[in-house]
Amino acid sequence: MKSEVMRLFHMPHLSLLGLMIFFSFFTIMVLFVMQKNRGVLYDYLGHLPLEEDEA
Amino acid sequence: MSTVDHSLDNAAMPLKPEPESFRYDDQIVRYFAYATVGWALISFVVGLLAALQLAYWPFNFNIPWLTFGRLRPLHTNAAIFAFAGNAIFMGIYHSSQRLLKTRMFSDTLSRIHFWGWQAIILAAAITLPLGYTVSKEYAELEWPIDIAITVVWVAFSVNFFATLFRRRERHIYVAIWFYIATLITVALLHVVNSVALPVSFLKSYPVYAGVQDAMVQWWYGHNAVAFFLTTPFLGLMYYYIPKAAKRPVYSYRLSIIHFWALVFIYIWAGPHHLLYTALPEWAQTLGMVLSIMLWAPSWGGMINGLLTLRGAWDRLRTDPTIKFLVAAVTFYGMSTFEGPLLSIKAVNSLSHYTDWTIGHVHGGTLGWNGLLTFGILYYLVPKLWNTKLYSDKLANAHFWLGISGVGVYMLSMWAAGITQGLMWRALNAEGTLTYPDFIETVTRIVPLYWVRAIGGLLFIAGFIIMIYNLYKTVKSGHVPEEQTHKAYALASVDKIPANELGHHAHRVLEGLPAVFSILTILAVLVGSIIEIIPALTMQEFMPRSTAHKPYTSLELAGRDIFVREGCYTCHSQMIRPTMDETLRYGKPSTAAESQYDRPFQWGSKRTGPDLARVGSKYPDMWHFRHMINPRDIVPQSIMPNYGWLAKDQTDFDSLTSKLSVMQTLSVPYSDEEVAKASEHAKQQAKVISDRLREGGVQDPELESREVVALIAYLQRLGKPSSDFVPEAVTAVAAGGKE
C-alpha cells in the first residue's frame, strides 16, 4: 500500500525533512511556551486588550 | 478633548522622558463597517437568489447574467472578499491601533486600501455576471483585477507593517500574530495561484494545467478559507471576546500553541478537496492526514475562546454581543470538527460533490464568520458613534433568527447531501445502479432546496433587523471627537541591554516583527514547498499520453463558453475510481486526460451529472435541444435554459490569439493550427451545423452560434482526440494515399 501511495512521489527526502521540521518545531515550541517562569509575561500579554477599558 | 494615559505601560523602556501623544483613526473603521453591512446584504441576497434557482430554475428570469453558473461565483466572492473581507479590515484597523498603541502609519494608505478594495469588489460584481471568469473557485477574477488586488494588498501590508514598526507597545499580542499570518499568506497564495498569460484585456489562461492546476488551485482554495476566513477572524476573536467579556483570554499559552499549530498545519490540507481524483495518491493522503491533525489546534482555539467567558456565562442571557461571539465560536468548533471529518477518504467518497459540502461551508461562513462579525458590529457601532445600542430586544431577535437560519440551512443540506450521496452509490443485488437516472437523485432533494432557501431567508430577515438596529443606533449617536492617548515610544532593540535580551528570548522575537514574520513565512512555506514542488516538477513522472491531442480551435472556443457560463459549478469532469461511478459514467478519469486543460474543470459539485465522458454519448441534436430547453430532454431537469447560446455569435477572431497563448504554454499546436485557428473552427462548425440542420434546426447563421462551439467541446469530452480533421489536412492525407 505504501508503495502505491508513494508511486508518483519522486522526492522522498522531502517527506523525511518535513517530518523532522514538524517534530522538532512543535517539540521546541511547546517546551518553550510551557516554561513555568513565563506565566508573568503571559499574564501581562493576556491583559493587553483590556488596557483601554482599565485606563 | 479627553486624554487616556498609557505611559505607565512601557515605563520600563522609556526612550524619551515624556510620553508621546497620539490619536486613533476610527474613521477608517467606520468606513469598513459601512462596507461590511452593505456588501453583506448584497452577498446574502445573491446567495438567496442562487438558492431559489436550484429550487425553481425560472428564477433566473432567462437572463444570462442572473443565471446560477454566473451568480454562484459572484455570491462566493461577495461573501468571502466583500462581506468577510471588509469585516476583517474593520476589526484589524480598530484592534491593531489599540494593541500597538499608535495610529495607523498612513491615513492615505488606509484610504487607498479602503477605496481600492471597494473598486475591486465593484469590478468583480460587474465582470463575474458578465461571464469574465477564470473559473478557479474563489479566484475567478481576471488578470487585471488580480493585479489590482495585489497592489491594494501591498498598500495594506505596507501600512500595517509600518504601524507595527512604530508601535508603542513592545509585546505583540496574539491577535496581531494572526493578522501577520493573514497578510503574508494571502499574498503568497494569491500571487502563486493567479499566474496566467493574458489573451486579451479580460481573458487569460493559467500557466498550470490539469492535475497541477488542480493542486495549486486547491492549495489556494483551501487556504483562502484558512487564511482569509479563519486566521484573521481568530485574531478578532482573541481581541473582541476578552473585550466584550472584560476578561483576559483563558490561556495565553494555548493561544500561542494554537497559532503556530494552525499556521503550520493548515497550509497542507488543500488536497482534501481532490480525494479520489486523478491527483497522485501521496498528495491525497498527505492532505487527509494533515486535515485530521487540524482537529487539535482548531478545538484548542475554540475551547480557549469559550473558556474566556469563565465566570461571566450569565452575560450570555443579557449581552447580545456575547451571545453572537459565543455562538460564532461554537459554530467554529462545529465547522472545524466537520471539515476534518469530511477529509477522511471514506467519508469524502460519500460527501464529495454533494450538498453536504455546501452545508459545511455555510456553517463556517454564516455561523462562524457571520455571527462573529455581527457580534463585533454590535460591540463597535455604539462605541464608534458614542452611544448605546438602540435595542437589545432587536439584537436578540436577530440572534435567534440568525442561528435558526443557519441551523435550517445546515440541516437541510446535510440531509440533501447524504441522501444524494447514498442514492448515487446504491447498487442492486445484481450489481447494477439502483438509481441509474441521475435526475432521480435530483428531484428527491429539490424539496430540501426550498427548505434551504427558507433558512437563508430567516438569516437575511435577522440581518435586516440588525441593519435597522444599527441605523437607529448611529442616528442616536454622533461621531465623537478623537481622544488623545499617551504612551512612551519604544527603545529600539539594539538599545535594550544585552543581558535582558539573553534572559528574554521571547521578547527578542516579539521585539522584532520582521523576524517573527519570517518565521511565519517559513511555517507556511514548509508545507507549501513539500506539497507543491513535487506536484509542479512531477511532469516527467506523470503518465503523459501522446495519444491525447489538444482541443481543436472550435472545441477550445466551446470550452471557453463552458467556463464563462460557470457550467463547472454544477457539473464535474472527474470520474472517481468507485464501483458506482464506473457504472454510471465509465472508467475513472486519468491525469493525462486533462493535461491540456487550462483551467482544469474537475468541479466540486454535482447538481447535474459528471461530464468527463459525455463525448459521443448523445447526438449533436440532443445537446442542441438540451441547451435550448433541458426539459425537452429530461422533463424534471432543474438546469436553466441557455437560449442565448443559439443567438450569440462565437468569437472566431480571437482564436488565433488563444491558440498562440496555449502554444506559448507548451500545448503542442503547430504554427499552421495557430495561424488557421479561425478557418478550422468555421470548418468544424459547418460539420456540426449540417448535422443539426438534418435534425431540423433552421438557422442560416447556425455555424456562427455559440451553441455549436459548445457542442463541439462537449462531444470531445472523454476522447483522446477530436473527430474533426481540417479540410486541408484531409486533402493532403487523401492525396498521400493516392
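Here, every reference points to the structure presented above.
Described in the following lines is the structure provided in the data block. (Residues numbered from 1 in each chain as written. Chains lettered and ligands numbered in written order. Predicted model: local features only at pLDDT ≥ 70, side-chain atom pairs only at ≥ 80, totals over all residues.)

**Comments concerning the overall build of chain A**
No. 1: The secondary structure content of chain A amounts to 4 helices and 0 strands.
No. 2: Tracing chain A from N to C terminus, the helices and strands come up as α-α-α-α.
No. 3: Here chain A, with 55 residues, has 9% of them falling under the buried criterion. (Helix = DSSP H or I, 4+ residues; strand = E, 2+ residues; numbered from the N terminus. Buried ≥ 20, exposed ≤ 12 C-beta atoms within 10 Å, placed from the backbone.)

**Digging into the overall build of chain B**
No. 1: The helix and strand inventory of chain B stands at 27 helices and 5 strands.
No. 2: In summary, chain B has a C-alpha radius of gyration of 28 Å against a globular reference of 27 Å for 738 residues, a match within 12%.
No. 3: Taking the principal axes of the C-alpha coordinates as reference, chain B spans close to 100 × 55 × 50 Å.
No. 4: Of all 738 residues assigned to chain B, the portion counted as buried reaches 54%. (Rg over C-alpha atoms; globule rule 2.2 N^0.38 Å.)

**Description of the pairing of strand 4 (residues 203–206) of chain B**
Residue and element names in this part refer to chain B.
No. 1: Here strand 4 shows two buried faces, one formed by Lys203 and Tyr205 and the other by Ser204 and Pro206.
No. 2: Two strands pair when backbone bridges link them, and strand 3 (residues 196–200) and strand 4 are joined in this way by 4 bridges, in the antiparallel orientation. Pairing of leucine 197 across the sheet is with tyrosine 205, part of strand 4.
No. 3: Connecting strand 3 to the next strand, strand 4, in antiparallel fashion are 2 residues. (Pairing = 2+ DSSP bridges.)

**Digging into the nonpolar core**
Proteins that are soluble and globular tend to have nonpolar side chains buried together.
Residue and element names in this part refer to chain B.
No. 1: Membership of the largest hydrophobic core comes to 219 residues, with the highest contact counts inside it found for Phe32, Leu325, Ala328 and Leu710.
No. 2: Top contributing element to this core by residue count: helix 2 (residues 68–100), with 17 residues.
No. 3: Apart from residues no more than four positions distant in its own chain, leucine 325 is found in contact with Tyr240, Ile241, Ala244, Leu372 and Gly375. (Core = buried A, V, L, I, M, F, W, Y, C linked by C-beta atoms within 7 Å. Contact = placed C-beta atoms within 7 Å.)

**Regarding helix 6 (residues 210–228) of chain B**
No. 1: Helix length check: helix 6 of chain B (19 residues) gives 26 Å between terminal C-alpha atoms against 27 Å at 1.5 Å per residue, within 8%.
No. 2: Helix 6 of chain B sits mainly inside the fold: 19 of its 19 residues count as buried. (Expected span 1.5 Å × (residues − 1).)

**Some words on the environment of Gln595(B)**
Residues and elements named next belong to chain B.
No. 1: With respect to the helices and strands, the residue glutamine 595 is situated in the loop between helix 21 (579–585) and helix 22 (620–628).
No. 2: Judged by C-beta crowding, with 22 C-beta atoms within 10 Å, glutamine 595 ranks as buried.
No. 3: Distance from glutamine 595 to tryptophan 644, taken between C-alpha atoms, is 31 Å for residues 49 residues apart in sequence.

**Let's talk about the packing of helix 13 (residues 355–384) of chain B against helix 14 (residues 392–425) of chain B**
Residue and element names in this part refer to chain B.
No. 1: Look at helix 13 against helix 14: their axes get within 7 Å of each other, and the N-to-C directions meet at 170 degrees. Compared by their axis directions, helix 13 and helix 14 come out roughly antiparallel. Of the residues in helix 14, those in contact with Asp355, Trp356, Thr357, Ile358, Gly359, His362, Gly363, Leu366, Gly367, Leu371, Phe374 and Tyr378 of helix 13 are Ala395, Gly402, Val406, Tyr409, Met410, Met413, Trp414, Ala416, Gly417, Ile418, Gln420 and Gly421. (Axes fitted to C-alpha atoms, helices over the stretch in contact; angles between N-to-C directions. Parallel < 35°, antiparallel > 145°, perpendicular 65-115°, else oblique.)

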